[in-house]
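As a plain string of letters, each chain reads:
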Amino acid sequence: MKHRLAHRLSAVGLVLLLGVFYGCAGLEPAPKRGIWYYHTELPAADRAVEAARAAGKDKECPAEFAAAEKMKNDAYNIYWACRTAEGIAKANEATALANGLCPRRAVVPPPPPPAAAPTVPISADPATIEQGKCANLAWSTTGASSASIDQGVGTVDRNGSRQVCPGSTTQYTVTAMGDGGTRTSSATVTVNPPPPPVKKPPKVIDRLVLHVNFDFDKSDVRKEDVADLQKAIDFVKKYPGYEIAIEGHTDSRGTDKYNLALSDRRAAAVKAYLLKHAEIDSRKDTITTKGLGESKPIADNKTDKGRFENRRVEILILEK
């Protein structure tokens, strides 16, 4: 009888011991098998941590991996301390943390580069014109959405040309506008005043050829030529108030430069004689002289007679 009672007490003690070690931690028997197991959340945390290790997360983000592994271990410790629900919750946190280790950051593309500032060269052809003429402006743009030109031209195509006819020197500035900002460029059209009108030579209404035969290389009036010079005096007196031109000529001996200067002196000598003897001092401004050198011969310079003829002075009466 005593032996049977002792056997029953031993069985009760074993059941109580198993309850201490297994029952408080939430271990439950598998259906129909009589075996005990953890709640599935804890092994799941184990698998998540090991999967992260296998994926190299312990090297890629070691601090975060260590935190996940510690949280999994803490879950087991809490579970074994008979705080079953708290341990399961901690295991779930560890699983989530392990699964989310080292997240791939989204690659943010760099911002697009800023739009380039527009370019807008402009030229004028021709760059210099005479007053009353026109020039052609030509321009081209890049990176522009619109363009305009000052000086009253206004809005223009982004690439083009335009004829301009300024009355005076003018600078034309083209402005190009686009996403990259605004740029300007200028071209100047220089306007020259019109050339002076070509003055027609006065018409010769009468002419007197004097064979005041100067000696070679001389411009002095000889005594034997006074009679011819009197003809000159009588000739100019017939045309009071008219302009008088006196032209001097030489033969071909000597250089062109020397003969030109010599003919100037001979024309001046005749003018001085007329002013002194023809009583026309008040008309000094109406008498002009010009030396033509050997450029207009009237005889053959190869003979003494021809050269003598070429050394002459001509007096011209000009139309008013």
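Trainee: Explanation requested: the overall build of the protein chain in the structure shown.
Mentor: When helices and strands are tallied, the protein chain shows 8 helices and 14 strands. In the protein chain, the share of contacts with a sequence separation of at least 24, taken over all contacts with a separation of at least 6, comes to 63%. Counting only carbon and sulfur atoms, one obtains 56% of the accessible surface of the protein chain, whose full area is about 20,300 Å².

Trainee: Whenever I open this one, the packing of aromatic side chains confuses me. Can you help?
Mentor: Note on aromatic pairs: each is described by the distance of the centres and the angle between the planes. If you walk through the whole model with that rule in mind, you get 3 aromatic pairs. A centroid spacing of 5.5 Å and a plane angle of 50° characterise the contact between Tyr76 and Trp80, whose relative ring orientation is tilted. Note that Tyr76 and Trp80 are positioned in helix α4 (residues 62-80) at a spacing of 4 residues, about one turn of the helix. Judged by relative accessible area, which is 11%, Tyr76 ranks as buried.

Trainee: Which parts of the structure should I look at to understand the state of the cysteines?
Mentor: Joining two cysteines, a disulfide is a covalent bond between their sulfur atoms. Scanning all chains against the criterion turns up 2 disulfides. Each sulfur of the disulfide joining Cys61 and Cys102 lies 1.7 Å from the other. On the sign convention where negative is left-handed, the bridge of Cys61 and Cys102, at about -90° about the S-S bond, is left-handed. Taken as a pair, Cys61 in the loop between α3 (57-60) and α4 and Cys102 in the loop between α5 (84-99) and β3 (122-125) lie far apart in primary sequence, 41 residues in all. Judged by its relative accessible area of 9%, Cys61 falls in the buried class.

Trainee: Hey, could you run me through the sheet that holds strand β5 (residues 135-139) in this one?
Mentor: One key point about sheets: their strands pair by backbone hydrogen bonds, in either a parallel or an antiparallel sense. Pairing is antiparallel across the open sheet formed by 3 strands, whose spatial order is β3-β5-β8. Every interior strand has two partners, whereas the edge strands, β3 and β8 (160-164), have only one. Sheet twist, expressed as the average angle between the axes of neighbouring strands with direction ignored, equals 20°. With 4 bridges joining them, β3 and β5 adopt antiparallel strand pairing.

Trainee: Which parts of the structure should I look at to understand the pattern of salt bridges?
Mentor: Two side chains of opposite charge can pair, provided their charged atoms sit close to one another. Under the defined criterion, the tally for this structure stands at 13 salt bridges. Between Arg104 and Glu60 there is a salt bridge; the shortest N-O distance is 3.4 Å. Highlighted residues: Arg104 in the loop between α5 and β3 and Glu60 in helix α3, separated in sequence by 44 residues. Exposure remark for Arg104: the relative accessible area of 72% places this residue in the exposed category. Where Asp228 meets Lys231, a salt bridge forms, and the shortest distance between an N and an O atom there is 3.5 Å. Of the two residues, Asp228 and Lys231 both sit in helix α6 (residues 226-237), 3 residues apart, roughly one turn of that helix. A single salt-bridge network, built from bridges that share partners, covers Glu50, Arg53 and Glu69.

Trainee: When you look at the side chain of Asp251 in this model, what are you seeing that I'm missing?
Mentor: Mapped onto the fold, Asp251 is located in the loop between β12 (243-248) and α7 (256-277). Sequence-distant contacts of Asp251, defined by excluding residues within four places in its chain, comprise Asn259, Glu294, Asn301, Arg307, Asn310 and Arg311.

Trainee: Would you mind showing me how to read the confidence of the model for the protein chain here?
Mentor: Reading fine detail from the predicted coordinates is not recommended where pLDDT is low. In this model, the protein chain carries a mean pLDDT of 82, and residues with pLDDT of at least 70 account for 84%. Across residues 1-23, where pLDDT falls below 50, the model places 3 contacts with residues more than four positions away in sequence or in other chains. Across residues 29-36 the pLDDT falls below 50, and counting only partners more than four positions away or on other chains, this stretch makes 8 contacts in the model.

Trainee: Honestly, the pairing of strand β9 (residues 170-178) in this entry has me stumped. Any pointers?
Mentor: Here strand β6 (residues 146-149) runs beside β9; their pairing, made up of 4 bridges, is antiparallel. Counterpart to Ser146 in the pairing with β9 is Met177. Of the strand pairs in this sheet, β9 and strand β10 (residues 181-192) are connected by 9 bridges, and their pairing is antiparallel. Note that in β10 the partner of Thr170 across the bridge is Val189. Taking the residues that link successive antiparallel strands as the turn, the β9-β10 hairpin has 2 residues.

Trainee: So what exactly am I meant to see when it comes to the nonpolar core here?
Mentor: The tendency in soluble globular proteins is for nonpolar side chains to be buried as a group. Phe235, Ile244, Ile246, Val270, Leu274 and Ile315 are the most contacted members of the largest nonpolar core, which has 20 residues in total. For this core, the secondary-structure elements that each account for two or more residues are β11 (204-210), α6, β12, α7 and β14 (313-318). Formed by 19 residues, the second largest nonpolar core is a distinct cluster that contains Leu137, Ile149, Val164 and Val174.

Trainee: Help me out: how do you make sense of the pairing of β6 in this one?
Mentor: Side-chain alternation along β6 places Ala147 and Ile149 on a buried face and Ser146 and Ser148 on a face that remains uncovered. Sheet analysis places β6 next to strand β7 (residues 154-156), joined by 3 bridges and oriented antiparallel. The residue bridging Ser148 from the neighbouring strand is Thr155, located in β7. What sits between the antiparallel neighbours β6 and β7 is a turn of 4 residues, in which Gln151 has the positive phi angle 60°.

Procedures and definitions
- The residue numbers shown here count from 1 along each chain, following its written sequence.
- It should be noted that, the model being predicted, local features are given only for residues of pLDDT at least 70 and side-chain atom pairs only at 80 or more, the latter also being counted only at that level, while totals for whole chains, interfaces and linings use all residues.
- For side-chain calculations, the full set of non-hydrogen atoms in the structure is used, while hydrogens and water are omitted.
- Only DSSP runs of H or I with at least four residues qualify as helices, and only runs of E with at least two residues qualify as strands; both kinds are numbered from the N terminus onward.
- Working rule for contacts: check all heavy atoms of both residues, and any pair within 4.5 Å makes them a contact.
- Per-residue accessibility takes into account occlusion by the displayed protein chains alone, with areas from the Shrake-Rupley method and a 1.4 Å probe.
- Here the aromatic set is Phe, Tyr and Trp, taking the six-membered ring for Trp, and pairing holds for ring centres within 6.5 Å; pairs whose planes are under 30 degrees apart are stacked, those over 60 apart are edge-to-face, and all others are tilted.
- Only protein chains enter the area calculation, which uses a 1.4 Å probe; residues under 20% of their type maximum are buried, those over 50% are exposed, and those in between are partly exposed.
- Here, two cysteine sulfur atoms that lie within 2.5 Å of each other are counted as a disulfide.
- Strand pairing is defined by DSSP finding a minimum of two bridges between the two strands.
- For helices, the fitted line uses only the C-alpha atoms of the stretch in contact; every axis is such a line through C-alpha atoms, and the angle between N-to-C directions lies from 0 to 180 degrees.
- Put simply, a salt bridge is a Lys or Arg side-chain nitrogen that is within 4 Å of an Asp or Glu carboxyl oxygen.
- On a scale of 0 to 100, pLDDT captures the predictor's confidence in every residue.
- Think of a nonpolar core as a cluster: buried Ala, Val, Leu, Ile, Met, Phe, Trp, Tyr and Cys residues, connected wherever their side-chain atoms sit within 4.5 Å.

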